[in-house]
Amino acid sequence: MSKFLINKYQSLEAYVPGEQPKDMEYVKLNTNESPFPPSQGVLDRISSAEVSKLNLYPDPDCKVLRKKIAELYGFESENVFISNGSDEILSFAFMAFCSEEKGAVFPNISYGFYKVYGDLYGVDYTEAPLKEDFTIDVNDYLNINKTVVIANPNAPTGLSLSVDEIEKIVKSNPDNVVLIDEAYVDFGGKSCIELVKKYENLLVVRTYSKSRSMAGARLGYAFGSKSLIDDLNRIKYSTNPYNINRLTLAAGEAAIDDNDYYMNRCKEIVEIREYSKRRLSELGFDYLDSDTNFIFAKSDKIIGEDYYRRLKENGVLVRHFSNPLISGYVRITVGTREQMDKLFEVTEKLLK
Ligand SMILES: *Cc1c(COP(=O)(O)O)cnc(C)c1O
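Residues numbered from 1 in each chain as written. Predicted model: local features only at pLDDT ≥ 70, side-chain atom pairs only at ≥ 80, totals over all residues. Heavy atoms only, no water.

A.B. asks: Any chance you could explain the domain arrangement of the protein chain here in plain terms?
C.D. replies: Bring the parts together and some accessible area is lost; that lost area is often taken as the interface size. Domain annotation for the protein chain reports domain 1 (9-37 + 260-351) and domain 2 (40-258). Taken over C-alpha atoms, the centre of domain 1 sits 24 Å from the centre of domain 2. In this assembly, 33 residues from domain 1 lie in contact with 32 residues from domain 2. When domain 1 packs against domain 2, the two sides together hide about 2,600 Å² of surface, and 68% of this comes from carbon and sulfur. The three residues of domain 1 that bury the most area against domain 2 are Tyr-15, Tyr-262 and Asp-291, which together make up 27% of that side's buried surface. (Domains from an automatic or database assignment. Contact = heavy atoms within 4.5 Å. Buried area = accessible area lost by both parts, 1.4 Å probe.)

See the structure below:
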């Protein structure tokens, strides 16, 4: 820390991304990326002709991409917001809709960035405890004078609320924004985007990082009422109007044209997930019933941290969280069948 950092940031605990070690080739099952490459249409779009236009600023309105996303999901362009990864929408939303006066509430076990943004923007937030079975208690979010932030399906548990439960939360908080983070919804969760047409206080956030094989491109999008999207634009145009670079915009458009490719890849991931659950059961693991591209699992035979560490020594990376409530578990991203078989092979060896 330099002597120049102003006081309010001196105790800020930054988000710690999943490790991306370069010391050897790992089977990488730790950051919920897709194991599959982007579609051919995306590869073709990032041509040297596209690259040669990098001297020009990209379209700050992301008009073409917004229209494509709107059409795919049955919205108007004015209901769509595009961002540099969905983390940026979360950041803008915390800035726009949360403060010391307008607090926030999110689950005590969820995506770690919510807390970081809460701290960064001086938000008076509360972390609502999950129930014993790691499900969200809807009652914690009804009729409260706070902005609600919920990942659905939740991470790292992989468990979902139903659309009815989400609607109950949205309906009971007409004076608060309810932000539903659907980062993993394409892997079998039930989306609540249709509710956006009915409730002006609902913002649904999505990402290209998981189901659209584009974590490296940094692209996120959100659906909301025109007024909520206008609010996000006010923040965006006050921080970084050209927040999506030209190549990412082009890739994002091509990916929407190739939607079937991605939805088929998601189906494949779901099949490998179900296969992996069976294998984990055979190895004596317990796991939560995931709606996502990861499995939250634990074994009585090896504690989470040891399992994580010994897997890493054997060239397989998974994610372990030190939070005592979940430190017995590891979060395993669903990779290719070959990657998963490598995980099970090493696991078998470790448990012997
Ligand atoms: C991965 C993830 C994000 C962030 O995605 P980016 O678009 O890569 O910034 C947001 N929310 C949840 C719950 C995630 O798991």
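A.B. asks: Whenever I open this one, helix α4 (residues 86-97) confuses me. Can you help?
C.D. replies: The α-helix winds at 3.6 residues per turn, so residues separated by three or four positions along the chain end up facing the same way. Under the 1.5 Å per step criterion, the end-to-end length of α4 is 16 Å for 12 residues, consistent within 8% with the ideal 16 Å. The element α4 is extensively covered by neighbouring structure, given that 10 of its 12 residues are classed as buried. (Helix = DSSP H or I, 4+ residues; strand = E, 2+ residues; numbered from the N terminus. Expected span 1.5 Å × (residues − 1). Buried < 20%, exposed > 50% of the residue type's maximum accessible area, 1.4 Å probe, protein only.)

A.B. asks: Teacher, can you tell me more about the nonpolar core here?
C.D. replies: Proteins that are soluble and globular tend to have nonpolar side chains buried together. Counting 53 residues, the largest nonpolar core has Ile-69, Ile-82, Ile-169, Leu-202, Tyr-208 and Phe-223 as the members making the most contacts within it. For this core, the secondary-structure elements that each account for two or more residues are α3 (63-73), β2 (80-83), β5 (146-151), α6 (163-171), β6 (178-181), β7 (202-207), β8 (220-223) and α8 (246-257). When residues in this core are grouped by element, the largest group, five residues, is from α8. When residues of this core are assigned to domains, at least three map to each of domain 1 (9-37 + 260-351) and domain 2 (40-258). If we ignore the near neighbours within four places in the chain, the residues touching Ile-69 are Val-80, Ile-82, Tyr-208, Tyr-221, Phe-223 and Ile-256. If you look at the next biggest cluster of nonpolar residues, it comprises 31 residues, including Leu-29, Ile-295, Ile-302 and Tyr-308. (Core = buried A, V, L, I, M, F, W, Y, C linked by side-chain atoms within 4.5 Å.)

A.B. asks: For this particular structure, what's the right way to read the packing of aromatic side chains?
C.D. replies: The relative placement of two aromatic rings is captured by the distance of their centres and the angle of their planes. Counted by the stated rule, this structure contains 24 aromatic pairs. When the ring of Tyr-221 is compared with that of Phe-223, the centres are 5.7 Å apart and the planes differ by 85°; the resulting orientation is edge-to-face. An aromatic cluster of at least three residues, connected via ring pairs, comprises Tyr-15, Phe-94, Phe-106, Tyr-111, Phe-113, Tyr-114, Tyr-117, Tyr-121 and Tyr-125. Above the ring of Tyr-275, the side-chain terminus of Arg-337 is found at 3.7 Å from the ring centroid. (Phe/Tyr/Trp six-rings, centres within 6.5 Å; stacked < 30°, edge-to-face > 60°. Lys NZ or Arg CZ within 6 Å of the ring centre and 35° of its normal.)

A.B. asks: In this structure, what is going on with helix α11 (residues 337-351)? I would like to understand it.
C.D. replies: Between the first and last C-alpha of α11 there are 21 Å, a value that for 15 residues agrees with the 21 Å anticipated at 1.5 Å per step. The complete set of buried residues in α11 reads Met-340, Leu-343, Phe-344, Val-346, Thr-347 and Leu-350. An end-on view of α11 places all buried positions within 165° of arc, on one side of the element. Pointing more than 90 degrees away from the buried face of α11 are the exposed residues Glu-338, Glu-345 and Lys-349. Buried-residue contacts for α11 involve α9 (259-282), β9 (285-287), α10 (304-313), β11 (316-317) and β12 (330-333). (Arc of directions from axis to C-beta.)

A.B. asks: What is the right way to read the pattern of salt bridges from this model?
C.D. replies: If charged atoms from side chains of opposite charge come close, those side chains can pair. Under the criterion given, the structure shown has 23 salt bridges. Of the charged contacts in the structure, one is a salt bridge between Glu-33 and Lys-28, with a shortest N-O distance of 2.8 Å. For Lys-28, a relative accessible area of 25% gives the class partly exposed. A salt bridge links Asp-230 to Lys-226; the shortest N-O distance between them is 3.0 Å. Linking Asp-230 with Lys-226, this pair stays in helix α7 (residues 226-239), spanning four residues, or about one helical turn. Look at Lys-226 and you get partly exposed, because its relative accessible area is 40%. Each member of the salt-bridge network shares a partner with another, and the members are Arg-45, Glu-50, Lys-53 and Glu-253. (Salt bridge = Lys/Arg side-chain N within 4 Å of Asp/Glu carboxyl O.)

A.B. asks: Can you walk me through the side chain of Asn-152 in this structure?
C.D. replies: Here Asn-152 shows up in the loop between β5 and α6. The exposure class assigned to Asn-152 is buried, which follows from its relative accessible area of 2%. Once residues lying within four places of it in the same chain are set aside, the contact partners of Asn-152 are Leu-159, Ser-160, Leu-161, Ile-166, Ile-180, Asp-181, Glu-182 and Lys-190.

A.B. asks: Whenever I open this one, the sheet that holds β5 confuses me. Can you help?
C.D. replies: Through backbone hydrogen bonds, the strands of a sheet pair up, either in parallel or in antiparallel fashion. Reading across the sheet, the seven strands line up as β2-β8-β7-β6-β5-β3-β4 and stay open at both edges, with mixed pairing between neighbours. Each end of this open sheet is capped by a strand with a single partner; those strands are β2 and β4 (125-128). The mean angle between the axes of side-by-side strands here comes to 20°, regardless of whether they run parallel or antiparallel. Lying over the sheet, α3 contacts β2, β7 and β8, oriented at roughly 130° with respect to β2. (Pairing = 2+ DSSP bridges. Axes fitted to C-alpha atoms, helices over the stretch in contact; angles between N-to-C directions.)

A.B. asks: So what exactly am I meant to see when it comes to the site of the ligand here?
C.D. replies: The full set of residues close to the ligand is Gly-85, Ser-86, Asp-87, Tyr-111, Asp-181, Ala-183, Tyr-184, Thr-207, Ser-209, Lys-210 and Arg-218. One of the backbone N or O atoms of Ser-86 is found 2.6 Å from an oxygen atom in the ligand. Between the ligand and Arg-218 there is a distance of 2.8 Å, counted from an oxygen atom to a side-chain nitrogen or oxygen. In the complex, the protein chains occlude 93% of the 380 Å² of accessible area that the ligand would expose alone. (Near = heavy atom within 4 Å. Polar contact = N/O pair within 3.5 Å; in protein donor to acceptor, adjacent residues only side chain to side chain. Areas by Shrake-Rupley, 256 points an atom, 1.4 Å probe, with all protein chains shown as cover.)

A.B. asks: How do you make sense of the packing of α4 against α7 when you look at a structure like this?
C.D. replies: When two helices pack together, their arrangement is given by the angle between their axes and by how far apart the axes lie. The N-to-C vectors of α4 and α7 enclose an angle of 105°; their axes lie 9 Å apart at closest approach. When the axes of α4 and α7 are compared, the pair comes out roughly perpendicular. Here Ile-89, Phe-92, Ala-93, Met-95, Ala-96 and Phe-97 of α4 come into contact with α7, specifically with Leu-228, Asp-231, Leu-232, Ile-235, Lys-236 and Thr-239. Here the contact of α4 with α7 is composed, by residue class, of nine nonpolar, one polar and two charged. (Parallel < 35°, antiparallel > 145°, perpendicular 65-115°, else oblique. Nonpolar A, V, L, I, M, F, W, Y, C, P; charged D, E, K, R; others polar.)

A.B. asks: Got a minute to help me understand the sheet that holds β9 in this structure?
C.D. replies: With antiparallel pairing, three strands are arranged side by side in an open sheet as β9-β10-β12. Here the strands that pair on one side only, and so sit at the sheet edges, are β9 and β12. With direction set aside, neighbouring strand axes in the sheet form an average angle of 40°. Summarising the sheet, strand β10 (residues 294-299) and β12 pair through four bridges and their orientation is antiparallel. If you follow Phe-294 over to β12, its bridge partner there is Thr-333.

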